[in-house]
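Examination of the molecular architecture
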Amino acid sequence: ISETLLLLLLLLLHLHTTRRSHTDDMDMDVDGTSVAGGSSRGVGVLGGYPTDLLELAADVAMVPGVPSDAVSAKILEAHPLPDVFAKLSTLQPGSKEESDLADFIDKMLQTAPGSALLQSSVPYAAAGLSAAAPRVRKMACSQLGRALAQMSQGSNGSSFDGGELLAELVSTLDDPDSGVATAAAAALATLAGGPPPPGIFDDHAAAAAAA
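As the structure is a computational prediction, the values presented were derived from the model and not from experiment.

1. Considering the overall build of the protein
When helices and strands are counted, the protein shows 11 helices and two strands. Taken from N to C terminus, the helices and strands of the protein fall in the order α-β-β-α-α-α-α-α-α-α-α-α-α. Across the 211 residues in the protein, those meeting the buried criterion constitute 35%. The contacts of the protein with a sequence gap of at least 6 include a subset with a gap of at least 24, amounting to 54%. Surface exposure of the protein reaches about 11,700 Å², of which carbon and sulfur atoms provide 60%.

Pasting the structure below:
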C-alpha cells in the first residue's frame, strides 16, 4: 500500500511540475515580453506590467510614481496615444476603468517619452475639458498646462493656438467640480511661474462643501 501511495504522489508531482512549466512558457518569451494567450489574466507582461490596456492602466494607476523612461517607451510603442484616447472615449463615465485610464495617461505624459508626445495629445486634452467625468477633465487640465509650458519654452513646433488653449483653461476655473477647477488653477499658476492665486482653492472647496 505504501508503494502505491508513493507512486501516486510522484505522479501528481510530475503532473503539477509539467503544467506549471507549460504555463510559464506560455506567459513569457525569452526576453520577458508578452506572447499571446499566456497567463490566467489572458495577457503577457511588458516591463513588469500586463499588456492588456485596461489591466495595464489599473496597475500603473495603482503604483506610486511613474514608470521608468525605458518601460514608458515600450508601453507607448505598444499602446500609441491615439489608441489610448480612443479607448478612453468608449468607457463608461465615472467608471473605475475610465478613472484608471485617465490616471495612466496623466502618468505616462509625465515621463520623458510621454513628454515628447505632449503636443500630439493637445487635441485630445482639449476635447477632454468637456468630458462628462470630472477625472477626465482634471487630466485634461494637467496635460494642457504641460503642453502650454512647452510652447512657452519654444520646445514644441506646435501649430496649436496657445492663446486659445489658455482661454479654455481660464474658462475651466468655473467648472462645477471643485477638483477640476483646482486643476485648472494649478496649471495656470504653473504657467505663470508662481503659486496658485491666493484663496482660489479655498473658494472652490467652500463652494463644493456648500453644494
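2. Re the packing of aromatic side chains
Following the criterion strictly, the structure yields one aromatic pair and no others. Their ring planes at 5° and their centres at 4.6 Å tell us that Phe 85 and Tyr 124 sit as a pair that is stacked. Of the two residues, Phe 85 is situated in helix H4 (residues 81-90) and Tyr 124 in helix H7 (residues 118-128); the sequence distance between them amounts to 39 residues. A relative accessible area of 7% places Phe 85 in the buried class. Taking the relative accessible area as the measure of exposure, Tyr 124 reaches 31% and is therefore partly exposed.

3. Describing the confidence of the model for the protein
Residues with a pLDDT of 70 or more make up 64% of the protein, whose mean pLDDT is 76. Note on residues 195-211: pLDDT is under 50 here. Beyond four places in sequence and across chains, it has 15 contacts.

4. Focus on H7
Listing the buried residues of H7 in full gives Leu 118, Gln 119, Ser 121, Val 122, Ala 125, Ala 126 and Gly 128. Relative to the axis of H7, the buried residues are bounded by an arc of 150° and lie together on one face.

5. A closer look at the environment of Leu 144
With respect to the helices, strands and loops of the structure, Leu 144 is situated in helix H8 (residues 134-152). What makes Leu 144 buried here is its relative accessible area of 0%. Between the C-alpha atom of Leu 144 and that of Val 122, which follows or precedes it by 22 residues, the distance is 6.5 Å. Each residue touching Leu 144, except ones within four places of it in the same chain, is listed here: Val 122, Ala 125, Ala 126, Leu 129, Leu 165 and Leu 169.

6. Here's the deal with the pattern of salt bridges
Here the idea is simple: oppositely charged side chains can pair when their charged atoms come close. Using the criterion set out here, one finds four salt bridges in the structure. The closest approach of N and O atoms between Asp 106 and Arg 146, which form a salt bridge, is 3.1 Å. Here Asp 106, found in helix H5 (residues 96-108), pairs with Arg 146, found in helix H8; they are 40 residues apart in sequence, far enough to count as distant. Owing to a relative accessible area of 13%, Asp 106 belongs among the buried residues under this scheme. Arg 146 sits in the partly exposed class, given a relative accessible area of 25%. Linking Asp 175 and Arg 137 is a salt bridge whose minimum nitrogen-to-oxygen distance equals 2.8 Å. With a gap of 38 residues between them, Asp 175 in the loop between helix H9 (162-171) and helix H10 (178-192) and Arg 137 in helix H8 connect regions that are remote in the sequence. The exposure class assigned to Asp 175 is buried, which follows from its relative accessible area of 11%.

7. Considerations on the packing of H8 against H10
The N-to-C vectors of H8 and H10 enclose an angle of 5°; their axes lie 8 Å apart at closest approach. It follows that H8 is roughly parallel to H10 by the angle criterion. Taken together, the residues of H10 that come into contact with H8 (itself represented by Pro 134, Arg 137, Lys 138, Cys 141, Gly 145, Leu 148 and Ala 149) are Gly 179, Val 180, Ala 183, Ala 184, Ala 187 and Leu 191.

Reading the values: rules and limits
Residues numbered from 1 in each chain as written. Predicted model: local features only at pLDDT ≥ 70, side-chain atom pairs only at ≥ 80, totals over all residues. Heavy atoms only, no water. Helix = DSSP H or I, 4+ residues; strand = E, 2+ residues; numbered from the N terminus. Buried < 20%, exposed > 50% of the residue type's maximum accessible area, 1.4 Å probe, protein only. Contact = heavy atoms within 4.5 Å. Areas by Shrake-Rupley, 256 points an atom, 1.4 Å probe, with all protein chains shown as cover. Phe/Tyr/Trp six-rings, centres within 6.5 Å; stacked < 30°, edge-to-face > 60°. pLDDT = per-residue confidence, 0-100. Arc of directions from axis to C-beta. Salt bridge = Lys/Arg side-chain N within 4 Å of Asp/Glu carboxyl O. Axes fitted to C-alpha atoms, helices over the stretch in contact; angles between N-to-C directions. Parallel < 35°, antiparallel > 145°, perpendicular 65-115°, else oblique.

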